Amino acid sequence: MATALRRVCSGVTSRVSLLNCSRQTLQRSFNTGRGFLPRPRPLPLLLVTGGGYLGYHHFRTRDQQDDGAPPPLATPTQVALYRSFPTRLLSRAWGRLNGVELPTWLRKPVYSLYIWTFGVNMQEAAVEDLHHYRNLGEFFRRRLKPAVRPLCATSCLISPADGRILHFGRVKNSEVEQVKGVTYSLENFLGPQNRQGKDSSSFRDLLLSSPENDLFHVVIYLAPGDYHCFHSPTDWRVELRRHFPGVLMSVNPGVARLVKELFCLNERVALTGQWQHGFFSLTAVGATNVGSIRVYFDQELQTNAPRYRKGSFYDRSYVVDGDQVLTGTSEGGLVSIDGGGVALQKGAALGEFNLGSTIVLLFEAPKDFSFNLQPGQRIRVGEGLGCP
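Residues numbered from 1 in each chain as written. Predicted model: local features only at pLDDT ≥ 70, side-chain atom pairs only at ≥ 80, totals over all residues. Heavy atoms only, no water.

1. Thoughts on the sheet that holds strand S17 (residues 370-371)
Piece 1. An order of S1-S19-S17 is seen for the three strands of this open sheet, with the pairing classed as antiparallel. The open sheet has two edge strands, strand S1 (157-158) and S17, and neither has a second partner.
Piece 2. Note that S17 and strand S19 (residues 384-387) share two bridges and pair antiparallel. Residue pairing across strands places Phe 371 opposite Gly 386, the latter belonging to S19. (Pairing = 2+ DSSP bridges. Helix = DSSP H or I, 4+ residues; strand = E, 2+ residues; numbered from the N terminus.)

As structure tokens, then:
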């Protein structure tokens, strides 16, 4: 009888305690409002608000394009947010993924999906058997059959890469167009120049060796399905390699229309020197998932390092004192480095990307230089760009 009474009392006490706790919780809920509202989730909230903003931005720019007006440039805040994304880390992770060896049975399905998605022409590849490529990196950097890229003999300047022409023409007021209507500073793109005996208020004029010449440029965009190696566009001599660490934003034409000076913000490798008409430069611009840029004759070049200093650049001069002559072999063939720099022949293999990106040519030529190009046209290695 006593045991049963204790159990009843214990049960009553537990229920009273539970009721008191519920009452206190309910009171706190009324006071703070937390009990009736869901706990905020930062990631879904960010996705919803970001998706809403992108939708609004899409319809706003679509209306402007329907009216014939160009899309507005991204604001500094938008560019800063984009630059804050860990694109360099993602690019390094993508590079490691590209190096993972795929099982033989998985290679053909994976590569076939990529071929179908990006329209890759495997009939041009030196090795058409998909099982030959051990990983995605080897497939991206596949070599072509020698006969599929003949060099234009009538043009002194040929395309260094497969891709699409974004823009071309004369350089005016030291500003270069990355796409129609969107420019970037030539000085920010190439960095300071030390030209002996040259004193000019214009950066453009500082590069010219003769007042009878002018400065021209060509921008070629490489899509993911394009051939990823780039070649020498003419007979010239490379005197300097300048490496600009930076962010790795997309260089897709749609993004290039929105971000001013995109090519000056992204990591890039500029090769500068001389050709028959004076100043000549070829710049390989990195992009998202293109953290690795290789130059075959320069094994010291290392791109997409984990850390870098904003606004910095690193030079390597190929001009040496005395009669020193260095020779070596690389994937680009025989390389000769003498006191005047690295001599390259038209069409020689020069380097490679790990995925599609952009090549920018800046060169001095006679004022009557004429391009044989149309904006937006497809072009391949070896096809003529123009001639005086």
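2. Focus: the nonpolar core
Piece 1. Core analysis: the biggest nonpolar cluster contains 36 residues, and Val 218, Phe 297, Ile 359 and Phe 363 have the highest contact counts within it.
Piece 2. If you tally residues by element for this core, the top one is strand S16 (residues 358-366), at four residues.
Piece 3. If near-sequence neighbours (up to four positions away) are discounted, Ile 359 is found in contact with Pro 160, Ala 161, Val 218, Val 219, Ile 220, Leu 222, Phe 230, Leu 282, Thr 283, Ala 284 and Phe 353.
Piece 4. Ranked by size, the runner-up nonpolar core spans 28 residues in total, among them Val 176, Phe 189, Cys 264 and Val 360. (Core = buried A, V, L, I, M, F, W, Y, C linked by side-chain atoms within 4.5 Å. Buried < 20%, exposed > 50% of the residue type's maximum accessible area, 1.4 Å probe, protein only. Contact = heavy atoms within 4.5 Å.)

3. Let's talk about the pattern of salt bridges
Piece 1. Taken as a whole and assessed by the stated rule, the structure comprises 18 salt bridges.
Piece 2. Where Glu 124 meets Arg 149, a salt bridge forms, and the shortest distance between an N and an O atom there is 2.9 Å. Of this pair, Glu 124 sits in the loop between helix H5 (104-118) and helix H6 (136-140) while Arg 149 sits in the loop between H6 and S1, placing them 25 residues apart in sequence. A single burial state applies to Glu 124 and to Arg 149, both of which are buried.
Piece 3. Residues joined in a network through salt bridges with shared partners are Glu 124, Arg 149, Asp 162, Arg 380 and Glu 383. (Salt bridge = Lys/Arg side-chain N within 4 Å of Asp/Glu carboxyl O.)

4. Let's talk about the state of the cysteines
Piece 1. Tallied over the entire structure, the rule returns zero disulfides.
Piece 2. Cys 152 carries a free sulfur, and the closest cysteine sulfur to it, the one in Cys 387, is 8.2 Å from it. (Disulfide = S-S within 2.5 Å.)

5. A closer look at the sheet that holds strand S10 (residues 293-295)
Piece 1. Pairing within the open sheet is antiparallel, and its three strands lie in the order S6-S15-S10. In the strand order of this sheet, the two ends are held by strand S6 (229-231) and S10, each with one partner. In this sheet, adjacent strand axes meet at a mean angle of 20° when their direction is disregarded.
Piece 2. The pairing of S6 with strand S15 (residues 349-353) spans three bridges and is antiparallel. Within S15, the residue paired with His 231 across the bridge is Ala 349. (Axes fitted to C-alpha atoms, helices over the stretch in contact; angles between N-to-C directions.)

6. Considerations on the packing of aromatic side chains
Piece 1. Scanning the entire structure with this criterion turns up 23 aromatic pairs.
Piece 2. Centroid distance Tyr 184 to Phe 263: 5.6 Å. Interplanar angle 70°. Geometry classified as edge-to-face. In this pair, Tyr 184 is assigned in strand S4 (residues 182-185) and Phe 263 in helix H10 (residues 262-265), connecting sequence segments 79 residues apart.
Piece 3. You can call Tyr 184 buried: its relative accessible area is 0%.
Piece 4. Classification of Phe 263 by relative accessible area gives buried; the value is 0%.
Piece 5. The ring of Phe 244 is capped by Arg 268, whose NZ or CZ atom sits 3.9 Å from the centre of that ring. (Phe/Tyr/Trp six-rings, centres within 6.5 Å; stacked < 30°, edge-to-face > 60°. Lys NZ or Arg CZ within 6 Å of the ring centre and 35° of its normal.)

7. Considering the side chain of Ser 174
Piece 1. As for its placement among the helices and strands, Ser 174 is situated in the loop between strand S2 (163-170) and strand S3 (175-179).
Piece 2. Of the residues examined, Ser 174 reaches a relative accessible area of 13% and is grouped as buried.

8. Description of the environment of Gln 345
Piece 1. Here Gln 345 shows up in the loop between strand S14 (341-344) and S15.
Piece 2. Distance in space between the C-alpha atoms of Gln 345 and Arg 237 is 8.7 Å, their sequence separation being 108 residues.
Piece 3. Discounting residues that sit within four places of it in the chain, Gln 345 has contacts with Ser 232, Thr 234 and Asp 235.

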